[in-house]
Amino acid sequence: MMNFEGLDPGLGEYAPGLHGGLEPGLDSSMDPRLDPALLQAVELDPDSLAVPVSESMHIVEGMYSELHSVAAEVGIPVTATHFDLQEELLWMGNHRGHASSFFGPTMGRYSSFQVHMTDDIRHIQSMDTGVLFLTKTNLKCLTRGGLIMFDYPMEEGADMHSLILTDNNTLLMGGLQNYVAELDLTTVQETQKFTVEVPGVAIMRQSNRFFFCGHTSGKVSLRDLRTFKMEHEFDAFSGSLSDFDVHGNLLAACGFSSRGLNGLSCDRFLMVYDLRMMRAITPLQVHVDPLFLRFIPTYTSRLAIISQTGQCQFCEPTGLANLADIFHVNTVGQLLMSFDVSSSKQALSFGDSGGCVHLWSSAPEVSFNSYSRETELALPCLVDSLPQLDWNHELMPLSLLPMPLTSTEPLLSDWPTSLITPSPRRAPLVDPEILRTMKTVGFIGYAPNPRTRPRNQVPYKIKDTELEYDSYNQVPESPIGRDEEPHLYMVPKKYRKVTIKYSKLGLEDFDFKHYNRTLFAGLEPHIPNAYCNCMIQVLYFLEPVRCLVQNHLCQKEFCLACELGFLFHMLDLSRGDPCQASNFLRAFRTIPEASALGLILADSDEQTGKARLGHLIQSWNRFILAQLHQETLEQEGPQAYRGASSSTLGSSGESVIGRLFGCEVENSSLCRCGKETVRSSLTLLFTMHYPEQRSLEEYDFAEILKKSICLEQSTQAWCDNCEKYQPTLQTRNIRCLPDVLVINCEVNSAKEAEFWKAQTEYAYNKALKKEASEPPKPKEPLPTEWCLEEELCSVEGLTFDTQAEDMRHVWIPLSLKMCISKTQGLEVSSLSEGEELTESEEAEGASVYDLVVTVSHIQHARTGGNLVAHIKVGETYHQRKEGVTHQQWYLFNDFLIEPIDKAESAHFDVNWKVPAVLYYVKRNYHAKYDLRIKNPIDASVLLTEASLARKQRKSHATFIPLMVSEMPQASDLVGLDAEFVTLNQEEAELRSDGTKSTIKPSQMSVARITCVRGQGPNEGVPFIDDYISTQEQVVDYLTQYSGIKPGDLDAKISSKHLTTLKSTYLKLRFLIDTGVRFVGHGLQKDFRVINLMVPKEQVFDTVYLFHMPRKRMISLRFLAWYFLDLNIQSETHDSIEDARTALQLYRKYSELSHNGGQEEFRKVLKALYEKGRKQDWKVPDIDSADGQGSPKILNKYSV
C-alpha cells in the first residue's frame, strides 16, 4: 500500500501495494514461489480447504485465539480481507484478482469469482446491495453471488490503493496520483476531483470531523469533510507510512524510518497524536515490527499491532507495551499481507502470502456484526424419492406408478386428431393510438408505431377475468399505501398526482416521454399556483381563444392575455416536450383581484392540502374569463411598441370573449308589494344549483341545468317602494345562447356529492333496463379494424358503441339540445349520439351543444388531491401537430397526456373523481370567428427605449441599439448570455439512509439578458443589455456568479439600463420569429428560466459543440483559455464578456470542423480533455484553490 523503494527486492513479482520485507534475514521466506516443505505441516481439507482448530483447543473469553484457517488458492498471496458489514461473511481478494467469501465462524465457502484478469485486489468494501472491489485501474461492484452491478474503469495512469464510503451513494478513491476522485454510486459517474500533493493518498480513514489521508511520504493529512481542503498535517515518519487508525481523539500510526544508505527500516515506535490539541504525545514503543495497526475499542481503546511475520501485540495507546500481550499467527513461514477487524470487534482476519486466510476470535460463538441480516444460501440438491403407494386407497392415481414404455400399446395421452386440432387465439384489438393516427389508402391503413410495448408482444386477457379497472392502475405503488391510503385502490394511476423526480442533473435525465407519447405539450407542476395548469390547457384548445390571445399585444406590464399568448405560442412550437407557465403565473400573482378572491396560494397550502382545489379552480375559471374579457375589451392607448399593430379584436368595442362565452341575461326582482325591477347584464358562465329537498329523487341533467340557468330564488333585497329590506322573488332569464356554455358544477360538499352519486346510479339502472328491453343491434366493425366483431368492446379503454356498462358513473350527456322559444322560454334536453336536429327545430333556432371539456378534482385526503382535464382536441390541432384530421379525447394531468375514450370523459365516481367545470360548445361554432394569427411583434421592439432606472445616463450605457439598417435577418448569428437571481431556495429532504432528495428546485428569475452582434462591422458589440426589474423578493443575488448586486434591479437606485421582463421577452421573441441563430454557453437553462421555446436548429451551444460523449461538460472559462488564450470570469461573471467569448468559440469551432473534418476535430477534443485532466480543469494562475466554476454550469451539468 506504501512506497517501499529500497526494501528487499524479493517482492518484485508482487503488486506495488504489497508490503515488503523488513529484515534481511527474511529474504528466503519472501520468495513468491512456495517451498513445498513449508506446506508439510498443513493438512488441507479436500472439500473446503478449511483447517479447523482441534477440539481440545479452548477459546478463552475475551482473549483472541485462532478459530479457523482456509487456504483459498494455494501459493497466491491474499492482498485484501474484509468482514462484511451486513452479513456474516468474510471476504478475501488475492494477487491474481480472484475474490472469495466464507460464511460464518465455520468459514464454509459461500461464493468465489474472478474480479479482474490481471490486477491484484487492493481494497474490499461491502454495501447494502453489493460488494466493491478496487484494483489498480478499476472499481467493480458485484452482488454477493458474483453478478456484476457495474464496472468503472479509471483514467489512464491511475494507481488506486484505497477507497472510503462517505455516505450510502458516494465514495472517495485515492492512490499514487495527484488527485482523489469522488464517485456517485447511483449514476456511476465521477462527480469531482480533489487535488492532493504528490505522491498521492494510499490509506484513508474518516471521523465525524475530518478525512484522514495517509501518504507514502510518511505524512498524515487532515482534510475538511465538505471541501476536502487540508486543515492540518502530521509528519509521522521520515521514510514511509505503513498503516494508521483513528479512534475518538487519538490517531496512531506505524511506518518506516530512513536509515541513510541502508534504505528503510521498520520503526518500533508508534506515533500517537491528540486530535484535540493537534500535537504528538509520547510515542509508544512496541516489541514487534509493526506493519498493521487497528483500534479495537471494547472496554478500553486497545491497539492491535501486527507484524509481517505474524506476531500480534495488544496495548493501550497511552500506556506501556507488555511482552505478555503478544500472540503469534501460525502462517507456516508465510508473511502476513492483509488484516481486518470485524465491526463487532469479536473477530480478526489475516491473509498471508501463501494464500491462507486465518480467522481469530475472542468468543466461541463469534458474530461478525452486532446485527446481521440473514444470508441467502443456495438450496440443497433435492433428490426425488418414490412415494409410498397405498393400493387400498380408491383415489390413488395410477400415474404415480412408473411403467416401462412399450411401442406396441398406445399411450393414454395420445389423443385423437379431432381433439387436438389447434384453436388459434383471438387477435387482440388494434391499439387506439394506431387507429387515431392511421391514414387509409384504399383498404390498407398506415400509422406510425406508437412503441407502447416491445416487438411481437401483445396483451392477452380472458374476458371473464377483466375487472372494471386495469390491474396496473389498481395496485397501489407500495404495500404501505394499502393501509394508509385505501382510497387509492380505485384511482387509476394516470389520474394520480404526477411529480418530477429531480437528480443532480436537474430535469435532463427525467423521462417525460414515459408520461406523454403525443406531440401535445404538457405543463410542469412545480411552479407556485400551478394548480391551474389544466384550465390553461382548456383555454388553449379553444381555437378562438388561442387565436385571440396570440393576436393580442398591449402596453401593460402584467397582462394575462399577453402572457397567455406567449405561452400558447410555446405550446404551438413544442413537439411533446413540457412547457412551464412561469411568466404567466408571475403576472397572475400581481393581479389584485386574484389575491382578493383567494386564488393565490401559499406554498404551505399547496403542500399540506389545505386548499380546496375543486372550489378553487371554479373560482379561477370565473376570474380568468372576466379578466380576459376586460383586457381584450379595453381600448389601447399610445402604442407601447412603436409600429406594433394593436389587436383589432380588442379595440373594436366588442370582446371576442364576450361573443364566445357571453350570454345576455335578464334579472327580475319582484317584491311582495308588487314592485318589479328588471336589469340586464352579461354573464360568462353558469353555476349548477341542486334541489333543496334532498330526497334523492331522479332528475335529468338537462332539467337541473335549465333550472340553474333560469334560476328562481327568494332572498332579502332592498325595495325602493317599501324603503326597507323585503322578501323578494328573483328570477333570471336568458335572451340568447352563448357559443360556449361554461358550467361550474359546485359539487363542494358531501350533500352535492351524494346527490350526484344517486343520479349516476339512476342513469345506470335506466340504461340497464333499456338495454335489456331492446334487441341487440348488429355492430359494424371499423374499416381499419382487423378483429372479430364480437370483440369490439372487450378491450380495456376502447369502446366503439355505447353500452349500459359505459353508463356507470355517468350522468351528464355528451350532447345537449338548447332552444329559446317565445312561448316556453329556454328548453334544454339531452341528445342521443348520432341524433341530429330536425328542420323544424333548426327553424325555431335550436342549437346542438357538444361536450368538449370536463375538469375533475381527484380526491386525496392528505395532499388535497390534484386537478385533471378531459379535453376533446379538434381537427386543426391534430393537423398542425400530426398532419391528420381527427378528433380525440385526451386526459391532461400536468405533464401526463394520454388518449382516452369519450365515455371516460363523462365518468365521475365521486368517491375519488369529483366534477368541477364543464364546457359545452355549439356545433360548428368557430366558423364565424377569424382564426388567422398575425404576429403582433415587429422590429420596433428592438429600437431605443427609456430605462426604468432614475439614475441611468447615456454615459452608463453598455450597449448600442440596432439601427434600422442593422435589423437581423434569418440565419444571422446573435451571441446570448443571461444571468439569474434566486427567488426561492431549493426544498430538499434528507432520507433516513443519508441521501438527499430534491422535492422542489430553487426558483430562479432572469436578472440580466445580453445579446451581441454576431456579424458585420460591429461584431461583438451588444445591442441588448437589459437588467430586468422584479417586484418579487430576491433571496440570493448570486453576485459571485451573476455579477448582479443588490440595488441593480431597483428602479429607485439602479444605474443600469432597467426594463420590464415583458419588454425584453418581446425582443427575444422577435429574434426567434425572425429566425436568427443564437450562440451561447449553457443556453438550455437560459431559455428555460426566461420561459422561451427555441427551435433546436436555431441554437448553437458551445457546451455541446466542445463535448465528447460520456465525458464531463467543460466550462466557458476553460474553453476560452484553451482555444482563445483568454482569461475571463476572473472575479465575477459579466454577460457581455461571456456572450462575446461564446461567439469567438463558435468561430473557432467552425474553423476547426471545416478545415480538418470530423476526424481532426475529434483529435482536438481528445487533446482538450487530456489537457483538462492534467490541469484538473483549472485555468493556470487564475483559479482559486478549490477550482469552483460558474454555478450556471455547475447547476446544469453537475461537473
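Bear in mind the structure is a predicted one, so any value in this text is a computation, not a measurement.

The rules behind these values
- Residue positions within a chain follow its written sequence, with the count starting from 1.
- Totals for whole chains, interfaces and linings use every residue, but because this is a predicted model, local features are given only for residues with pLDDT of at least 70 and side-chain atom pairs only at 80 or more, for both listing and counting.
- Side-chain descriptors were evaluated using all non-hydrogen atoms of the structure, hydrogens and water having been removed beforehand.
- By the criteria applied, helices consist of DSSP H or I runs no shorter than four residues and strands consist of E runs no shorter than two, each listed in order from the N terminus.
- Contacts were defined at the residue level, with two residues in contact if any of their heavy atoms lie within 4.5 Å.
- Under the convention used here, a 1.4 Å probe and the Shrake-Rupley method define accessible areas, while residue burial counts only the protein chains that appear.
- Using a 1.4 Å probe on the protein chains alone, a residue whose accessible area is under 20% of its type maximum counts as buried, one over 50% counts as exposed, and one in between counts as partly exposed.
- Here, a strand pair is defined by DSSP locating no fewer than two bridges between the strands.
- Put simply, a nonpolar core is a bunch of buried Ala, Val, Leu, Ile, Met, Phe, Trp, Tyr and Cys residues held in one set by side-chain atoms that sit within 4.5 Å of each other.
- Here a patch means residues that are over 30% exposed by relative accessible area and free of salt bridges, tied together within 9 Å if like-charged and within 5 Å if nonpolar (Val, Leu, Ile, Met, Phe, Trp, Tyr).
- Any Lys or Arg side-chain nitrogen located within 4 Å of an Asp or Glu carboxyl oxygen qualifies as a salt bridge.
- In summary, the pairing rule links any two rings of Phe, Tyr or Trp, Trp by its six-membered ring, whose centres are within 6.5 Å, and it sorts them by plane angle into stacked for under 30 degrees, edge-to-face for over 60 and tilted for everything else.
- The rule is short: NZ of Lys or CZ of Arg within 6 Å of the ring centre and within 35 degrees of the ring normal puts a charge over the ring.
- UniProt positions are given in the numbering used here, feature names are shortened, and annotations may be inferred rather than shown by experiment.

Caption draft 1: Examining the overall build of the protein chain more closely. Across its full length, the protein chain holds 24 helices and 54 strands. Counting contacts in the protein chain only where the partners sit at least 6 residues apart, residues at least 24 apart contribute 60% of the total. If you sum the accessible surface of the protein chain, you get close to 58,900 Å²; carbon and sulfur atoms cover 51% of it.

Caption draft 2: Structural detail: the pairing of strand 22 (residues 269-274). Of all six residues in strand 22, five are buried; the element is thus mostly enclosed. Relative to strand 22, strand 20 (residues 250-258) is paired through four bridges, and the arrangement is antiparallel. Counted as the bridge partner of alanine 253 is methionine 271 from strand 22. With two bridges joining them, strand 22 and strand 24 (residues 284-285) adopt antiparallel strand pairing. From the neighbouring strand, leucine 270 faces strand 24, where its bridge partner is leucine 284. With two bridges connecting them, strand 22 and strand 23 (residues 279-280) associate as antiparallel partners.

Caption draft 3: Highlighting the nonpolar core. In this structure, Tyr531, Ile536, Trp620, Phe661, Tyr919 and Phe1078 are the most contacted members of the largest nonpolar core, which totals 106 residues. The element best represented in this core is helix 6 (residues 560-573), accounting for nine residues. Not counting the four nearest positions on each side in its chain, isoleucine 536 is found in contact with Leu523, Leu564, Leu567, Phe568, Ala581, Phe584 and Trp620. Val491, Met688, Val810 and Trp811 belong to the second-largest nonpolar core, a separate cluster that totals 50 residues.

Caption draft 4: Molecular detail of a nonpolar patch on the surface. On the surface, a cluster of nonpolar side chains totalling about 480 Å² of accessible area is made up of Val441, Phe443, Ile444 and Tyr446. Valine 441 sits in the exposed class, given a relative accessible area of 57%.

Caption draft 5: Examining unusual backbone geometry more closely. The phi dihedral of valine 332 falls on the positive side, at around 55°, and the residue is not glycine. Mapped onto the secondary structure, valine 332 falls in the loop between strand 28 (326-328) and strand 29 (336-341). One non-glycine residue, aspartate 1176, lies in positive phi territory at about 55°. Considering the arrangement of structural elements, one finds aspartate 1176 in the loop between helix 23 (1135-1175) and helix 24 (1191-1197). The buried category is assigned to aspartate 1176, whose relative accessible area is 17%.

Caption draft 6: Summary view of the packing of aromatic side chains. For the coordinates displayed, the defined rule picks out 48 aromatic pairs. It is arginine 205 that lies over the ring of phenylalanine 244; its NZ or CZ is 5.6 Å from the centre. Lying across the ring of tyrosine 877, arginine 880 places its NZ or CZ 4.6 Å from the centre.

Caption draft 7: Representation of the UniProt feature "binding site: a divalent metal cation" (unreviewed entry) in the protein chain within the structure. The feature "binding site: a divalent metal cation" (unreviewed entry), as annotated in UniProt, sits at Asp977, Glu979, Asp1086 and Asp1138 in this numbering. Look at the named residues: they lie 162 residues apart in sequence, but the longest C-alpha span between them is just 13.0 Å, so in the fold they bunch up. Take glutamate 979: it is sitting in strand 47 (residues 973-984). Take glutamate 979: its relative accessible area is 4%, and that puts it in the buried class. The contact partners of glutamate 979, leaving out residues within four places of it in the chain, are Ser1005, Val1006, Ala1007, Arg1008, Tyr1041, Ser1042, Ile1044, His1133, Asp1134, Ser1135 and Asp1138.

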